[in-house]
Amino acid sequence: MIQIKDLHKSYHMGSGSLHVLKGINFEAQEGEMVAIMGSSGSGKSTLLNILGILDEADQGSYFLDNVPIKDLNEKIAAKYRNEFLGFVFQSFNLINYKSALDNVSMPLYYQGVKRKLRTEKAMHYLDKVGLADWATHLPSELSGGQKQRVAIARALASNPKVLLADEPTGALDTTTSYEVMELIQGINDEGKTILVVTHEEDIAHMCKRIVNLKDGIIISDTIVQQVSAKQQANV
Ligand code: ADP
Ligand code: MG
């Protein structure tokens, strides 16, 4: 599903530059659930943003579902993002003047899906994350965990090939974090490929594989025994 080879990325500021990714090689097959770990500043978000076609590498190759991702104009990049990828962020990134339902149907609007079908699909995904009764509520009326569920429903609405989550539990307390991870595990159990950036060990162990980033390279890449978020929540 994802293949990257010898990926490099630097940021340039003024006279200096910061070499953040220094030759990343990584593959993920369909159905995997991978944690990307590393200390703050190790380049996790940089890598995820490149995988999400929100940013481009300076060097190296990236294939997403066998499609080469390189030198895309913004229109094609947006099309691929819409078609292939769902995003979940630490800060939810919901539109605060729109209802939960409207937030979830937003990506469908951009795909040109007609209003009736849009609403149907958005309701389906809100129901899937347990928030059917909250469809008309604004983000400000929802708890952190509920906001993240709406964000997950929005990410799923366009039925992406890959779900990319950057510290999805970073703004949540432990119990709520585990509830959100339980939801994400359920989505992976249905076959969705998922990448979760986290710096928390317990969250990483709720994935099936852990990749460790340090100083711009992958220092380990290990299949792990997946810990059930549901069980962990009840300990
Ligand atoms: P992580 O997500 O692992 O905390 P990031 O990928 O966000 O790390 O950042 C890696 C390094 O790159 C950090 O030192 C950060 O300050 C720097 N960085 C990230 N984005 C930019 C940017 N747009 N411009 C300049 N430096 C950046
Ligand atoms: Mg980050």
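Quick note: structure is the one above.
For every chain, the first residue of the written sequence is number 1, and numbering continues from 1 onward in sequence order. Lettering of chains starts at A and numbering of ligands starts at 1, both following the order in which they are written. Reporting of local features is limited, given that this is a predicted model, to residues whose pLDDT is at least 70; pairs of side-chain atoms are given and counted only at 80 or more, and all residues count toward the totals for whole chains, interfaces and linings. As a rule here, side-chain values cover all heavy atoms of the structure and leave hydrogens and water aside.

**Some points on the overall build of the protein**
Stated precisely, the cut-off is as follows: Helix and strand assignments come from DSSP, with helices taken as H or I runs of at least 4 residues and strands as E runs of at least 2, each series counted from the N terminus. Radius of gyration: C-alpha atoms only; globule rule: 2.2 Å multiplied by the number of residues to the exponent 0.38. Note on exposure labels: buried denotes an accessible area under 20% of the residue type's maximum, exposed denotes more than 50%, and partly exposed covers the range between, all computed with a 1.4 Å probe on protein chains only. Any two residues whose heavy atoms approach within 4.5 Å are treated as being in contact.
Scanning the protein from terminus to terminus reveals 8 helices and 10 strands. For the protein, whose C-alpha radius of gyration is 18 Å, the value lies close to the compact-globule estimate of 18 Å for 235 residues. When its C-alpha atoms are laid out on the principal axes, the protein stretches across 50 × 45 × 35 Å. Scored against the burial criterion, the 235 residues of the protein give a buried share of 49%. A sequence separation of at least 24 residues applies to 69% of the contacts in the protein between residues at least 6 apart.

**What to know about the sheet that holds strand β8 (residues 193–197)**
Counted only if it meets this: Note: two strands are recorded as paired if DSSP finds a minimum of 2 bridges between them. With axes taken as lines fitted to C-alpha atoms, and helix axes fitted only over the stretch in contact, angles between N-to-C directions fall between 0 and 180 degrees.
Read across the sheet, 6 strands follow the order β6-β7-β8-β3-β9-β10 without closing on themselves; strand pairing throughout is mixed. Across the chains shown, the open sheet's two edge strands, defined by having one partner strand only, are β6 (85–89) and β10 (217–223). Ignoring strand direction, the axes of neighbouring strands in this sheet form an average angle of 15 degrees. Sheet topology places β6 next to strand β7 (residues 162–166); 5 bridges connect them, and they run parallel. Bridging from a neighbouring strand, Val-88 pairs with Ala-165 of β7. Packing of helix α1 (residues 44–51) onto the sheet brings it into contact with β3 (33–37), β6, β7, β8 and β9 (209–214), and relative to β7 it is tilted by some 155 degrees. In the packing of helix α5 (residues 144–157) onto the sheet, contacts are made with β6 and β7, and the angle to β6 comes to roughly 170 degrees.

**Description of the site of ligand 1**
Quick reminder of the rule: Here, proximity means that at least one heavy atom of the residue falls within 4 Å of the molecule or strand. Polar contacts here mean pairs of N or O atoms no more than 3.5 Å apart (in protein, one a potential hydrogen donor and the other a potential acceptor; neighbouring residues in sequence count only if both atoms are side-chain atoms). Method for areas: the Shrake-Rupley scheme with a 1.4 Å probe, in which residue coverage is limited to the protein chains shown.
If you check the shell around ligand 1, you find Tyr-11, Met-13, Leu-18, Val-20, Ser-39, Ser-40, Gly-41, Ser-42, Gly-43, Lys-44, Ser-45 and Thr-46 and nothing else. Between ligand 1 and Ser-45, the relevant distance is 2.9 Å, taken from an oxygen atom to a side-chain nitrogen or oxygen of the residue. The separation between an oxygen atom of ligand 1 and a polar side-chain atom of Thr-46 is 2.5 Å. In the complex, 61% of the free accessible area of ligand 1, which totals 560 Å², lies under the protein chains.

**Let's talk about helix α2 (residues 74–84)**
Inclusion rule: The arc in question is traced by the directions running from the helix axis to the C-beta atoms.
Within α2, the full set of buried residues consists of Ala-77, Tyr-80, Arg-81 and Phe-84. Mapping the buried residues of α2 onto a view down its axis gives an arc of 100 degrees, with all of them on the same face. Among the structural elements, β4 (59–64), β5 (67–68), β6 and β7 are those in contact with the buried residues of α2. Capping of α2 at its N-terminal end is provided by Asn-73; its side-chain oxygen lies 3.0 Å from the backbone amide nitrogen of Lys-75.

**Topic: the pattern of salt bridges**
Threshold: Throughout this description, the term salt bridge denotes a Lys or Arg side-chain nitrogen within 4 Å of a carboxyl oxygen of Asp or Glu.
If you walk through the whole model with that rule in mind, you get 9 salt bridges. Put simply, Lys-9 and Asp-55 hold a salt bridge, and the shortest N to O gap is 3.1 Å. Here Lys-9 is found in strand β1 (residues 2–13), whereas its partner Asp-55 is found in the loop between α1 and β4, with 46 residues between them in sequence. Lys-9 gets classed as buried once you look at its relative accessible area, which sits at 9%. Of the charged contacts in the structure, one is a salt bridge between Glu-190 and Lys-128, with a shortest N-O distance of 2.7 Å. Remark: Lys-128 occurs in helix α4 (residues 115–128) and Glu-190 occurs in the loop between α6 (174–189) and β8; sequence separation between them is 62 residues. In this structure Glu-190 comes out as exposed when scored by relative accessible area, which is 59%. Among the ionic contacts, a cluster of salt bridges with common partners joins Glu-32, Arg-209 and Asp-221.

**Quick notes on the pairing of β8**
The element β8 is extensively covered by neighbouring structure, given that 5 of its 5 residues are classed as buried. Burial along β8 is two-sided: the face carrying Thr-193, Leu-195 and Val-197 and the face carrying Ile-194 and Val-196 are both buried. Two elements, β3 and β8, share 4 bridges in a ladder whose sense is parallel. Considered in β8, the bridge of Ala-35 is made with Val-196.

It is worth stressing that arrangement in space is one thing and function is another; only the former is reported here.
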